[in-house]
2 protein chains.
Amino acid sequence: MALERLQDTLGQLAGKVGGLTTQTRHPLDPLTEDEIAIAVSVVKERKSDVIFNAVTLLEPKKADLRTWVESGDAELPRMADVIASSKGNKIYDVLVDIKAKAVVRWEEPKDVYPGITMEDLMVVEEIVRKDPKVIEQCGILGIPPTDMHKVYCDPWTIGYDERFTDGSRLQQALMYYRPNVDDLQYTYPLDFCPIYNIETQEIIHIDVPEKRRPLNKAPPTNYDAESIQKEIGLRDDLKPIHITQPEGVSFKLDGRTIDWQKWNFHIGFNYREGIVLSNVTFNDRGNVRPVFWRISLAEMVVPYGNPDHPHHRKHAFDLGEYGAGYMTNPLAMGCDCKGAIHYLDASFVRKNGEPYTIKNAICIHEEDDGILFKHTDFRDESSTTTRARKLIISQIFTAGNYEYCIYWIMHQDGVIQLEVKLTGILSTYALAPGESAAPYGTEVYPGVNAHHHQHLFCLRLDPSIDGHANTVFEVDAVASDAPVGSRENRYGNAFMARKTPLQTMAAGISDYNPSRTWDIANTNKLNPHSGNPVSYKLVSREVPGLMPKEGSLVWNRAGFARHAVHVTRHADEQQFPAGRHVPQHSGEPSQGLPAWIAANGPASIANEDIVVWHTFGVTHFPSPEDYPIMPAEPMSVLLRPRNFFAQNPCLDVPPSYSSTPSGVREGRRAFRGGA
Amino acid sequence: MALERLQDTLGQLAGKVGGLTTQTRHPLDPLTEDEIAIAVSVVKERKSDVIFNAVTLLEPKKADLRTWVESGDAELPRMADVIASSKGNKIYDVLVDIKAKAVVRWEEPKDVYPGITMEDLMVVEEIVRKDPKVIEQCGILGIPPTDMHKVYCDPWTIGYDERFTDGSRLQQALMYYRPNVDDLQYTYPLDFCPIYNIETQEIIHIDVPEKRRPLNKAPPTNYDAESIQKEIGLRDDLKPIHITQPEGVSFKLDGRTIDWQKWNFHIGFNYREGIVLSNVTFNDRGNVRPVFWRISLAEMVVPYGNPDHPHHRKHAFDLGEYGAGYMTNPLAMGCDCKGAIHYLDASFVRKNGEPYTIKNAICIHEEDDGILFKHTDFRDESSTTTRARKLIISQIFTAGNYEYCIYWIMHQDGVIQLEVKLTGILSTYALAPGESAAPYGTEVYPGVNAHHHQHLFCLRLDPSIDGHANTVFEVDAVASDAPVGSRENRYGNAFMARKTPLQTMAAGISDYNPSRTWDIANTNKLNPHSGNPVSYKLVSREVPGLMPKEGSLVWNRAGFARHAVHVTRHADEQQFPAGRHVPQHSGEPSQGLPAWIAANGPASIANEDIVVWHTFGVTHFPSPEDYPIMPAEPMSVLLRPRNFFAQNPCLDVPPSYSSTPSGVREGRRAFRGGA
């Protein structure tokens, strides 16, 4: 064991040396604490009493960045995209040139509501506990005023509530109770919902259901190690698995640009999308070929299926309303990942303008990935087996009750995989004795109603498949039209891929079916063997469709979730498919994707600089297995090279075993590669 | 490095001690070599000149085995299921009582054709090379008679050919050429197809296309280490990852019954299905609960999409026509798996009746599986992270050109996963200069046409969800019928799970859509919290549907592939959904599932002893990336406990880190678990 520990330590050290970071500045590097401080001081010079909501890098315009990538040396300006507010719910959209220390743009948009920061969230609970009307409601449920320290709340964005549209920034407080400070509050939901005004720090209203639900009487059910040790004991029959990399990692980091197994890309991070991968290229035998210009999760929505007021407000846009960066976890070695780990930090702004840093926000590590390819010749038992390695860039963010684990995975065969694991705790509501949770929820524990919900993620893909003029094809597996017995299809087995190019933004909409994939292709460049356009195929099988009906509040607000795929002409400012300022927008008219398409429907998207928006996810009907904490549920989206390479691009990965027919016959020693 | 090697060795030794096998006899243990020899001698006593096709365990009748499992001590007879043949294409279906050394049943069925064994396959190439008509055809393509040693063939079952129905057992030979003994022959397909008679060992016919395609002139493209070293060099930038288990494995084997992390089941194996998991139970806090009585891959079909004669014959039933057990690879440490590995061997019969054994046919090992569950309380940063472990029972079989890697994976949260990875080589056909491979194939390398195809697997699930009376429900996520704005659905977000029980065999058919899963439930037992029937949910997202049209040859022969799910009443003899003897059957009438359903349509399948048949897979449009060897393409089917457990069943897995709110506040040391 001591030896293993030593090896772990050596592995970490080697990881640090192997993945040595040299601080080369890249135009997409997130703002440093110093840069954030400059942006803050520039804004404060113009208006001293602002509260900061976000200070983040405004990425250079694509045209400028392309020039920089291609020529390399011209310095691009560093621009801070600032969202701030001041009394009277005034909002400021400001652009600051960091080097010039100057405001470049100062806008005061009306009727918009910036996202809810962690600081906005953190203060609500104490205010709720002191509010007389909340204390009164707690009293009705049997919680005495002396027990208000046992009352908790998950503050959520209010989504949209048509009763409150005076410009106030609001949150709704989902209410809970803990018998003891270490008990899980989700077992004790309270049935009322206070509405909180961010600026005045007041409870302005409480939604109280007609039919009251008393405080749950069930015993606590907890998942922390102390509780489990006491209640059921921890199992002791798992022998350790050690994963070590004594020679360090196989990647090199130059600043935030990573080089690994022919892949090269920049790892960005912002408060909203979290991890961003940019200028993703693959070294195809010396030819560095662009694949994706920029990839990120750009939005998500989590609609709940209970129609009773006010549960319809539960449809969080976790990225647009809170931010996957703001909510990200600091990750720790030996806990969230194994082997030689490299971390990157993330810096943000506090309300008061101070910069701060989340340590280890991004984890970079390699994993063994089983068999990469294998074949045995049945004639002679000559055989080759090659093991796979994968590179994982990951973050985990906590959105109130839920945890989202985001893994961007690069494979040696040119596949890019986005894996999302859902874990954490179900968002729960009270259930009265004798009341049924059906049909819109499940009683996962006595008195605990977990409403059905969906997690729908919007993947934003800015492709650069051998260049920026790309085209998306719907690809459907279809049987031949020729009937069984006909000359063209005598035995009835004929089938083919029907490829339909998406031509205009208005027509650049595609729904899912189980026989469908999408090719993102460069029709100007054909594969030397197949003659097909070089392409990356979007393979996605977790595409449940949006459950809220057409014309519903969620349908209006989450336009991106209406279809599996949208394709737009690239525009620098079109980054967020539910709009830039998401909270408290009615969705009438819809922001983001539907608005862009409506404004520019006839624009060609064939052989143009395009952006592909893909919505995928799961529909979650909770069950008691998900409580008190959910075993991680994984889902994946794949981007697979098809007709992109002239042959298998990972043939040169050393096999663990390889013999040839003549080698077997002549008794030559087979090739044996490393671990 | 030396240290790592030593550790690997220690780990293996520990694995052997930890997973110590005691030879307890279980009624489902495959026949030993001795038992095979007994069966052979019993058959030979009655008829001395037979050729053995298969000698395999006939599993005890379910009723008897249930009694054995429940009472434990009664000894069940060991029965050998023998398929043999003799001159004149006579077939023998024989049942031998091993202990009594007696024939229990002797049948001589007409018009059936047993599977093709490895020995049947291995002899074809030499005969083809010597056949004058084949030599003539090779000459037409420019291969001189002196080069016939450079001619190769992949012998395939003929599938069904209406021209040859005289009772002869046939194979078709897909023809190839190697310029050099170590060159991949799939780069040099020959355009004609000899038909081979197994009994007479003659070529009885050659299918020659009207339009000839000359021998490919393209240079070889190989993937073995020697070739890659010479041609492009092996990459040298992968640092090793060591996976060690110095204290050995966490499972215990009693004979072939494995106990791991509350799971307990028997690991069977037969020539046809390969791995079979039986009597799968989960220890739910002391209560050993049955989950599945028997799980296996029972059949598969690989239809190719090119309608030109004779390519329609390319639709291998790799299990029913060849056998996933017969074709299984011997696995070797450090090559196919990592860590502490335990292997099981597999014994079969040769044509002449000699038993033989494939060493290391089954691999059993554990892997770290990332995060099992995690939550951080945003209020106070109290946090718990628990890592997952999984147990993998795997085999890899080579079906001519393709490799199928089969992983049966048990998870700590009660999930059973079947992962299949496809790798190996594409089956190729010749392409004339200037000829297009479209629309039914892709030119993956000059002159190499890889036809589109599907891989459709049939998973056979004999459930025992808390008992044998089970019911299957279609579960569809559906929006409420109530319109947006109505009293019941004011905001339009209402949705629910619509659960439809399948009632009879005739109606026990269900197609796939992206919002559908299936619950296998025991309606006699309700979850104590949710009140829903205890169940396992079949979650499968790779369900492309059968491409060959209704009424086509493949549709007729592969009845199981017409729908995603069939449910039948359990019957001991209904094991193979395309029939017991698959080769050379026309599919008119369809064997297996369609026949059973037609014979017993009104039989109830609700709250009965049922079997669930699930067809899943992929549609494969080849691309040059798949050549000369395919990077492994994974797909998975999940069986998830839903409403089965009263809570998360893996809460007692020791977390790697766990703190509580009071612990954080009071500065107590957090719980830190092992690696």
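Residues numbered from 1 in each chain as written. Chains lettered and ligands numbered in written order. Predicted model: local features only at pLDDT ≥ 70, side-chain atom pairs only at ≥ 80, totals over all residues. Heavy atoms only, no water.

Student: Got a sec to walk through the overall build of chain A? Specific residues and values, please.
Tutor: Of the regular secondary structure elements, chain A holds 11 helices and 34 strands. Since a compact globule built from 675 residues should have a radius of gyration of about 26 Å, the 27 Å found for chain A is in line with a globular shape. Summarising its shape, the C-alpha atoms of chain A cover approximately 90 × 65 × 60 Å along the three principal directions. Counting across all 675 residues of chain A, residues that qualify as buried make up 67%. Contacts in chain A between residues far apart in sequence, at least 24 positions, make up 67% of those at least 6 positions apart. With the model as given, the accessible surface of chain A reaches about 22,600 Å², and the carbon-plus-sulfur share is 51%. Charge centroids of chain A, computed over 69 positive and 86 negative side chains, lie 4 Å from each other. (Helix = DSSP H or I, 4+ residues; strand = E, 2+ residues; numbered from the N terminus. Rg over C-alpha atoms; globule rule 2.2 N^0.38 Å. Buried < 20%, exposed > 50% of the residue type's maximum accessible area, 1.4 Å probe, protein only. Contact = heavy atoms within 4.5 Å. Areas by Shrake-Rupley, 256 points an atom, 1.4 Å probe, with all protein chains shown as cover. Lys, Arg positive; Asp, Glu negative; His and termini not counted. Charge placed at Lys NZ, Arg CZ, Asp CG, Glu CD.)

Student: Any details on the sheet that holds strand S3 (residues 79-86) of chain A? Residues and values, ideally.
Tutor: Residue and element names in this part refer to chain A. An order of S2-S3-S4-S5 is seen for the four strands of this open sheet, with the pairing classed as antiparallel. Pairing within the sheet leaves two strands with one partner each, and these edge strands are strand S2 (51-58) and strand S5 (102-107). Averaged over all pairs of adjacent strands, the angle between strand axes in this sheet comes to 20°, irrespective of strand direction. With five bridges joining them, strand S4 (residues 90-97) and S5 adopt antiparallel strand pairing. Within S5, the residue paired with Asp 93 across the bridge is Glu 107. Strands S2, S3, S4 and S5 of the sheet are contacted by helix H2 (residues 33-46), whose axis makes an angle of about 130° with S2. (Pairing = 2+ DSSP bridges. Axes fitted to C-alpha atoms, helices over the stretch in contact; angles between N-to-C directions.)

Student: An account of the pattern of salt bridges is requested, with residue identities and associated values reported.
Tutor: When their charged atoms lie close together, side chains carrying opposite charge are able to pair. All names here are of chain A. With the rule as written, the count across this model stands at 103 salt bridges over all chains. Linking Asp 161 and Arg 313 is a salt bridge whose minimum nitrogen-to-oxygen distance equals 2.6 Å. Note that Asp 161 is positioned in the loop between strand S6 (151-157) and strand S7 (170-177) and Arg 313 in the loop between strand S15 (287-303) and strand S16 (315-316), a separation of 152 residues in sequence. We note a salt bridge from Glu 474 to Arg 516, for which the minimum N-O separation is 3.3 Å. Of this pair, Glu 474 sits in strand S26 (residues 469-479) while Arg 516 sits in strand S29 (residues 516-526); the two residues are 42 residues apart in sequence, bridging distant segments of the chain. (Salt bridge = Lys/Arg side-chain N within 4 Å of Asp/Glu carboxyl O.)

Student: Go over the domain arrangement of chain A, please, and point to the residues and values.
Tutor: Residue and element names in this part refer to chain A. According to the domain assignment, chain A consists of domain 1 (35-107), domain 2 (118-231) and domain 3 (252-429 + 461-642). Here the C-alpha centroids of domain 1 and domain 3 sit 28 Å apart. Every contact between the two is made by 21 residues of domain 1 and, on the other side, 23 residues of domain 3. Summing the contributions of domain 1 and of domain 3, the shared interface buries around 1,800 Å²; its carbon and sulfur component is 55%. When the buried surface of domain 1 facing domain 3 is broken down by residue, Ile 36, Glu 59 and Lys 62 rank first, second and third, together holding 33% of it. For the pair domain 1 and domain 3, the interface holds five salt bridges. A salt bridge links Lys 62 to Asp 462, with the nearest nitrogen and oxygen atoms 2.8 Å apart. (Domains from an automatic or database assignment. Buried area = accessible area lost by both parts, 1.4 Å probe.)

Student: Outline the interface of chain A and chain B, supporting the account with residue identities and numerical values.
Tutor: Opposite the 176 residues of chain A that make contact, chain B presents 176 residues. Considering only the side of chain A, the residues that lose the most area to chain B are Arg235(A), Tyr491(A) and Phe495(A), jointly responsible for 6% of the buried surface there. Residue Arg490(B) is joined to Glu162(A) by a salt bridge in which the shortest nitrogen-to-oxygen separation is 3.1 Å. Put simply, chain A and chain B have 83 residue pairs in polar contact (both at pLDDT 80 or more) between them. For the side of chain A that touches chain B, the element with the highest residue contribution is strand S18 (residues 355-376) of chain A, accounting for 11 residues. Of the residues assigned to the side of chain A that touches chain B, the class counts are 78 nonpolar, 54 polar and 44 charged. Here strand S10 (residues 242-244) of chain A pairs with strand S10 (residues 242-244) of chain B via three bridges, running antiparallel. Bridging from a neighbouring strand, Ile243(A) pairs with Ile243(B) of S10(B). (Polar contact = N/O pair within 3.5 Å; in protein donor to acceptor, adjacent residues only side chain to side chain. Nonpolar A, V, L, I, M, F, W, Y, C, P; charged D, E, K, R; others polar.)

Student: Give a description of the sheet that holds strand S4 (residues 90-97) of chain B that names residues and reports values.
Tutor: Residue and element names in this part refer to chain B. If you walk across this open sheet you meet the four strands as S2-S3-S4-S5, and the pairing is antiparallel. Each edge of the open sheet carries a strand with a single partner, namely strand S2 (51-58) and strand S5 (102-107). The sheet shows a mean angle of 20° between the axes of neighbouring strands, taken without regard to direction. Against the sheet, helix H2 (residues 33-46) contacts S2, strand S3 (79-86), S4 and S5, and its axis sits at roughly 130° relative to S2.

Student: Would you mind going over the side chain of Arg642(B) in detail, with residue names and values included?
Tutor: Its location among the elements puts Arg642(B) in strand S33 (residues 630-642). For Arg642(B), a relative accessible area of 5% translates into the label buried. A distance of 2.9 Å separates polar atoms of two side chains, one belonging to Arg642(B) and the other to Asp626(A). Excluding residues that lie within four positions of it along the chain, Arg642(B) makes contacts with His620(A), Phe621(A), Pro622(A), Ser623(A), Glu625(A), Asp626(A), Pro533(B), Val534(B), Ser535(B) and Lys537(B).

Student: So what about the pairing of strand S30 (residues 533-540) of chain B? Which residues, and what values?
Tutor: Residues and elements named next belong to chain B. The buried fraction of S30 is high, at seven of eight residues. Where strand S29 (residues 516-526) meets S30, six bridges bridge the pair, whose relative direction is antiparallel. Of the residues in S30, the one forming a bridge with Ile 520 is Tyr 536. In this structure, the hairpin formed by S29 and S30 is closed by a connection of six residues, where Gly 531 is found at a positive phi of approximately 75°. Here six bridges tie S30 to S33, and the two strands are oriented antiparallel to one another. Pairing of Val 539 across the sheet is with Leu 638, part of S33.

Student: For the UniProt feature "modified residue: 2',4',5'-topaquinone" (unreviewed entry) in chain A, give the residues involved together with the corresponding values.
Tutor: Residue and element names in this part refer to chain A. According to UniProt, the "modified residue: 2',4',5'-topaquinone" (unreviewed entry) feature falls on Tyr 402. For Tyr 402, the position within the fold is in strand S20 (residues 402-411). Engagement of the side chain of Tyr 402 in a polar contact is seen with the side chain of His 455, the distance being 3.2 Å. (UniProt positions renumbered as here; feature names shortened; annotations may be inferred.)

Student: Quick rundown of the relation of the copies chain A and chain B? Include the residues and the values.
Tutor: Taken together, a rotation about one axis and a shift along it account for how the two chain copies relate. Rotating chain A by 180° and translating it 0.0 Å along the rotation axis places it on chain B, where the RMSD comes to 0.0 Å. The symmetry that links the two subunits is that of a two-fold axis. Across chain A, the smallest distance between a C-alpha and the rotation axis is recorded for Ile243(A), namely 2.3 Å. The fraction of interface residues of chain A whose copies in chain B are also interface residues reaches 100%, indicating that both copies meet through the same surface. (Least-squares fit on C-alpha atoms with pLDDT ≥ 70 in both.)

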